[in-house]
Amino acid sequence: MTHLTTIDYVLMLVYFAVVLVVGWMLRRSTKTSTDFFLSGRSIPSWVAGLAFISANLGAQEVIGMGASGAKYGISTAHFYWIGAIPAMVFVGLFMMPFYYGSRARSVPEYLKLRFDEKTRSLNAISFAVMTIMSSGISMYAMGKLLNLLLGWSFDISMIVAALIVLAYIFLGGLTSAIYNEVLQFFLIVFGFAPLVFLGLRSAGGWPGLKTKLAEVAVGRGFEPGAMTHAWSYMGNSSQNPIGVEWFGLAMGLGFVLSFGYWCTDFLVVQRAMASENMAAARRTPLIAAIPKVFFPFLVILPGMIALAVDWHTPGTAGALGIAGGQGIVPPKIDPATGAALLDAAGHVVLDYDLSVPMMLLRFFPSGMLGLGLTALMASFMSGMAGNVTAFNTVWTYDIYQSHIKKGASDEHYLWMGRAATVFGIALSIAAAYVAVSFNNILDLLQLVFAFVNAPLFATFALGMFWKRTTGHGAFIGLLSGTVAAAIHHGISLAAGAVPGVKGGYFGAHIVYRSELGQTFWTAIAAWVTCFVVTIVVSLMTRPRPDDELRGLVYSLTPRPSEGDVVWYERPKVIAVLVLAIALALNIIFF
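The structure presented is a predicted model; accordingly, all values stated were derived computationally and were not measured.

Note on aromatic pairs: each is described by the distance of the centres and the angle between the planes. Taken as a whole and assessed by the stated rule, the structure comprises 30 aromatic pairs. With 5.0 Å between their ring centres and 85° between their planes, Tyr261 and Trp262 make a pair best called edge-to-face. Of the two residues examined, Tyr261 and Trp262, each falls in the buried class. Three or more aromatic residues joined by ring pairs form one cluster here, namely Phe90, Phe94, Phe98, Phe255, Phe259, Phe457, Phe465, Trp527 and Phe531. Stacked on the ring of Tyr397, the Lys or Arg Arg105 has its end atom at 3.8 Å from the ring centre. For the cation-ring pair, Arg362 lies above Phe363, with the distance from its terminal atom to the ring centre recorded as 4.4 Å.

The next point concerns the pattern of salt bridges. A full pass over the atoms with the stated rule returns 9 salt bridges. For Lys112, the salt bridge identified is with Glu117, shortest N-O distance 3.7 Å. Residue Glu117 is classed as partly exposed on the basis of its relative accessible area of 25%. With a shortest N-O distance of 3.0 Å, Glu515 and Lys502 are connected by a salt bridge. In this pair, Glu515 sits in helix H22 (residues 515-540) while Lys502 sits in the loop between strand E1 (492-494) and strand E2 (510-512), placing the two residues 13 residues apart along the sequence. One connected set of salt bridges, linked through shared partners, spans Arg105, Glu109, Lys112, Glu117, Arg120 and Asp398.

So, about a nonpolar patch on the surface. A grouping of Tyr9, Leu13, Trp152, Ile156, Ile159, Val160 and Leu163 is seen on the molecular surface, where their side chains present a nonpolar patch of about 630 Å² in accessible area. Going through the elements one at a time, helix H1 (6-26) and helix H9 (154-203) are the ones with two or more residues in the nonpolar patch. Among the structural elements, Ile156 can be located in helix H9.

Right, let's get into H9. Taking 1.5 Å per residue, 50 residues should reach 74 Å; H9 reaches only 32 Å between its end C-alpha atoms and comes up short. In H9, a bend of some 125° at Gly172 exceeds every other bend along the element. Backbone geometry just downstream of H9 places Gly204 in the positive-phi region, at approximately 90°.

Each disulfide consists of one covalent bond between the sulfur atoms belonging to two cysteines. Overall, the coordinates contain 0 disulfides when judged by the stated rule. With no disulfide partner, Cys263 has as its closest neighbouring cysteine sulfur the one in Cys530, 15 Å distant.

The next point concerns the packing of helix H21 (residues 471-491) against H22. Across the interface, H21 lies against H22 with an axial gap of 7 Å and an inter-helix angle of 150°. Classified by the angle their axes make, H21 and H22 are roughly antiparallel. The element H21 and its partner H22 pack so that their crossing is right-handed. Facing His472, Gly473, Ala474, Ile476, Gly477, Leu478, Ser480, Gly481, Ala484, Ala485, His488 and His489 of H21, the residues of H22 in contact are Gln518, Trp521, Thr522, Ala525, Ala526, Thr529, Cys530, Val533, Thr534, Val537 and Ser538. Counted by class, the contact of H21 with H22 contains 11 nonpolar, 12 polar and no charged residues.

Tracing the sequence through the fold places Ile169 in helix H9. Expressed as a C-alpha distance, the spacing of Ile169 and Val422, which sit 253 residues apart in the sequence, is 9.6 Å. For Ile169, the contacting residues outside a window of four places in its chain are Phe36, Ala385, Val388, Thr389, Asn392 and Thr421.

This part takes up the side chain of Thr76. Inspection of the secondary structure puts Thr76 in the loop between helix H4 (59-72) and helix H5 (78-81). Looking at Thr76, the relative accessible area reads 0%, which means it is buried. Within the structure, the side chain of Thr76 is placed 2.9 Å from the backbone oxygen of Ser68, a separation counted as a polar contact. Apart from the residues lying within four places of it in its own chain, the contact partners of Thr76 are Met65, Ser68, Gly69 and Ile300.

Let us now look at the environment of Gly346. Residue position: Gly346 is located in the loop between helix H16 (316-319) and helix H17 (355-363). Between the C-alpha atom of Gly346 and that of Arg418, which follows or precedes it by 72 residues, the distance is 49 Å.

Okay, the nonpolar core next. With 186 residues, the main nonpolar core has Tyr99, Phe192, Leu376, Met381 and Phe460 as its most contacted residues. The biggest single contributor to this core is H9, with 20 residues. Filtering out sequence-adjacent residues up to four positions away, Met381 remains in contact with Tyr15, Phe16, Val19, Met142, Ile164, Val165, Tyr168 and Gln184.

Criteria and thresholds
- Residues numbered from 1 in each chain as written.
- Predicted model: local features only at pLDDT ≥ 70, side-chain atom pairs only at ≥ 80, totals over all residues.
- Heavy atoms only, no water.
- Phe/Tyr/Trp six-rings, centres within 6.5 Å; stacked < 30°, edge-to-face > 60°.
- Buried < 20%, exposed > 50% of the residue type's maximum accessible area, 1.4 Å probe, protein only.
- Lys NZ or Arg CZ within 6 Å of the ring centre and 35° of its normal.
- Salt bridge = Lys/Arg side-chain N within 4 Å of Asp/Glu carboxyl O.
- Helix = DSSP H or I, 4+ residues; strand = E, 2+ residues; numbered from the N terminus.
- Patch = residues over 30% accessible without salt bridge, like charges linked within 9 Å, V, L, I, M, F, W, Y side chains within 5 Å.
- Areas by Shrake-Rupley, 256 points an atom, 1.4 Å probe, with all protein chains shown as cover.
- Expected span 1.5 Å × (residues − 1).
- Bend = angle between axes of the 7 residues up to and from the residue.
- Disulfide = S-S within 2.5 Å.
- Axes fitted to C-alpha atoms, helices over the stretch in contact; angles between N-to-C directions.
- Parallel < 35°, antiparallel > 145°, perpendicular 65-115°, else oblique.
- Left-handed = near helix turned anticlockwise from the far one by under 90°.
- Contact = heavy atoms within 4.5 Å.
- Nonpolar A, V, L, I, M, F, W, Y, C, P; charged D, E, K, R; others polar.
- Polar contact = N/O pair within 3.5 Å; in protein donor to acceptor, adjacent residues only side chain to side chain.
- Core = buried A, V, L, I, M, F, W, Y, C linked by side-chain atoms within 4.5 Å.

This is the structure in C-alpha cells:
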C-alpha cells in the first residue's frame, strides 16, 4: 500500500467533480430517448472521433495492453497495427454508410432491417451479455488497483467507481458519456506520456530496454529478440511469447476479431452513429485511427519497461509484494495461503495486470502520482461508461421495446433507459468477480469477443455484400458460430491452464501454447462455421426482394458523396495516411 499526499487526493477529487458537473449540465438537453441514447445525432466528428477511441480506451486497453506488453513484448502491438487500424478504416469507408444511412438506432436494429427480428434478438442478447462482462472487467481492474495502492476494500472501490459512472450517465445519457470520454482521452494521454519517458530513461532508452528484455526472453526459453521484434519469430508458435503462428495471428486477430469488434460492436459504432451527418459519421473512426496508431508506445511500453527496471528504495519491493516477481511485476497471490501462485509446471504466475500500477508507484512522485492514478481511473470509468451506454440502448430498443412493452410513450422508454443504466451497472459488479481467475484481463476480453463478435462479423460481411443472404441463414449461421466457439473452447486448453472457465471442459484434446493462441483459433472456428452455414442455409431459403434491401446492401447503396470538403476531411485521404503509418511501424519493428 502507498500513501498519497493531499495534492494527489485533490487531483482525483477535482476529476470526479468535473465528470459529475458535465453530467449535471447536460441533463437539461436530455429530453427524449433519442437525446439519451444517440445524443440527438448532433455530435461533431472530432468529438465523436475522440469518444470513439476513448470508449475503447478502458481498463482492457490501459491495464490489459500494459499487462500484455509485459507478458508478450512488442508482439502486443499487433492488436493495433493489424488488429485495429485496417478495421477502423474499413468501418469508416464502407460500413458507416449502412449504419447511419439506415437510421438504425443500434447494431441489432440494423440486423432487423437487413434480416429479421429473430436475428436481431439473438445479437441483442449476446451483445448485452458481452457489454456486462466488459464493464465488469473495468470494475475489477478499478477495485484491484485501489485495493493495492490505497488499501481500500476491493468491494467498496468498485461500488464508488460504479456510483460515479451511474450518476453522470443517468443525468446526461450518451452525450454526457461522450464529452466525458473526450476529457478522459486527454487525461490518459497526459497522464501516461511522462511515465513512458521516465521509464525509458531509467531502462537506458530503447537500446537498453532491448538488451534487458533479451535476458527476459532467454529466461523464458525464447530467442533474445523475441520480446522486441513483432514479426521475426512468428513462423512457429513455439518461437514467440504470444504463442501463435503468423496465420493464426493474421486470420484470428487481424481479420476475425479485429473486424468483428470494430465493425459490429455497438459500443464503438454508437459514437459514430451519434455524429451530426453522414460525412461526420464516416470520418469518426478515421479520426480515431490517427492517435490509435501511436497508442502502443503509450500503453504497451510501460508493461515492457516494468520487466526491465528495479526498485531503488530498500524495502519498498517487499512492502508491495514484489518478492518472487520479475522486474517490478509482482506474482499473483493465492488468497487462501498468501503465497505466490504456481502454474502446472511449478513456475510463479506473474500478476501482469499490476504492471502499469507498479510503474506509477516506481516513477511518479506526489502530484504526478495523483495525475497517473486519475488517468487510470479515467480509463476504467471510460470503459465502464461506454459499455453501460451501449447496454442501456440495446436493452431498451432491441429487447424491452421489441418484446416486453411495445408502443409505449417516448417518456417511458427514456425512463427505462435510465433504469437499465442502474441494473446494468449492478450486473457489471457481479461480472467483475469472473475476471479474478485471469492474470491478464485482455485475454478474457478477447475470449468474450471470440464468442460474440467473431460469428457476428461473418453475418455482417455476408449480409452487407451478398444480397442473397437470408434471415434464416443469418440466424442459424450466427447461432452455429457461437456453438462452434463453445465446442472449440471446450475441447482446447492453453498449456499450464486448468480446465474450467479457460476451456477444456469437454477434455483438453487440443493444447495451445498460450491463451491468446487458443482464443484466436476459437474465433476462427466461430467465423468459418457461421460463414459456411449462413451460405448453405441462405441458398436453401428464399431471399428478400431487392427493393426491400435498398440502402442495406452494398451493391444497392448509392456511393456517399464527399461534397466540397477540403482534402484533409476526405475519408479516403485520411484512410491512406493512417494505413501508411501502420505499415511503416510494422516494418520498423519487424
